[in-house]
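# Examining the three-dimensional arrangement
Single-letter residue listing:
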Amino acid sequence: VTEPFTGDSYEYARANETALRKAAMVEIAREDVVDGDPTLVIEARWTPVPPSTVPYRTMQSFLSSRGTGYVVSCAVSSSAFERYRSTCESIVHSFAVER
C-alpha cells in the first residue's frame, strides 16, 4: 500500500500505529530498522468482517521516501500465525524503497 507522506519512516509508522489502534487490537509495536530506516514493526489481531469468519493477524512494516509512505503487510489466520511468524519476519524485513 502507498499514500502521500512527507515525514520520515518512524513518523509514518507512528501515524499508522495510531490508525491501527482504532481498527484492530495492536499486540506488538516494536522499534526496528528496515531498509536502513528506523521504523516500527507492528503486529495486530483483527476480527473477521462478514462474510469472513476467520480471525487473522498481521505483521506490518512502514517506510517513507520521497513524499510517499509505504506499507508491507503479512496476514495469516490467527490460529496459524506462530507457524508463519518467520515467513512474515522475512517479508517485512525484505522491504526496500527507492531513495
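How each quantity is defined
Residues numbered from 1 in each chain as written. Predicted model: local features only at pLDDT ≥ 70, side-chain atom pairs only at ≥ 80, totals over all residues. Heavy atoms only, no water. Pairing = 2+ DSSP bridges. Helix = DSSP H or I, 4+ residues; strand = E, 2+ residues; numbered from the N terminus. Disulfide = S-S within 2.5 Å. Buried < 20%, exposed > 50% of the residue type's maximum accessible area, 1.4 Å probe, protein only. Expected span 1.5 Å × (residues − 1). Bend = angle between axes of the 7 residues up to and from the residue. Contact = heavy atoms within 4.5 Å. pLDDT = per-residue confidence, 0-100.

## Points about the pairing of strand 2 (residues 25-34)
Within a regular strand, side chains alternate between the sheet's two faces. Note: strand 2 against strand 3 (residues 37-46), nine bridges, orientation antiparallel. Within the sheet, the bridge partner assigned to Val34 lies in strand 3 and is Asp37. Linkage of strand 2 to strand 3, two consecutive antiparallel strands, is achieved through a turn of two residues, within which Asp35 is found at a positive phi near 55 degrees.

## Let's talk about the state of the cysteines
A full pass over the atoms with the stated rule returns one disulfide. With its sulfur 2.1 Å from that of its partner, Cys74 forms a disulfide with Cys88. Handedness here is read from the sign of the S-S torsion; for Cys74 and Cys88, about -55 degrees, the answer is left-handed. Pair noted here: Cys74 is in strand 5 (residues 68-77) and Cys88 is in helix 2 (residues 81-93), with a separation of 14 residues, a long-range link. The exposure classification of Cys74 matches that of Cys88, with both residues buried.

## Comments concerning the environment of Ala80
For Ala80, the position within the fold is in the loop between strand 5 and helix 2. Between the C-alpha atom of Ala80 and that of Tyr56, which follows or precedes it by 24 residues, the distance is 8.7 Å.

## Re helix 2
For helix 2, which comprises 13 residues, the first-to-last C-alpha distance of 17 Å matches the rise-based estimate of 18 Å (1.5 Å per residue) to within 8%. If you look at helix 2, its biggest bend is around 35 degrees, right at Thr87. All buried positions along helix 2 are accounted for by Phe81, Cys88 and Val92. Check the buried side of helix 2 and you find it contacts strand 2, strand 3, strand 4 (56-65) and strand 5.

## Regarding the confidence of the model for the protein
For the protein, mean pLDDT is 96; residues scoring 70 or higher make up 100% of the total. Within the protein, the element-level pLDDT minimum falls on strand 1 (residues 2-4), averaging 96, and the maximum on strand 2, averaging 98.

## With respect to the environment of Val34
Relative to the assigned elements, Val34 resides in strand 2. Along the backbone, Val34 and Phe95 are 61 residues apart, and their C-alpha atoms lie at a distance of 6.9 Å.

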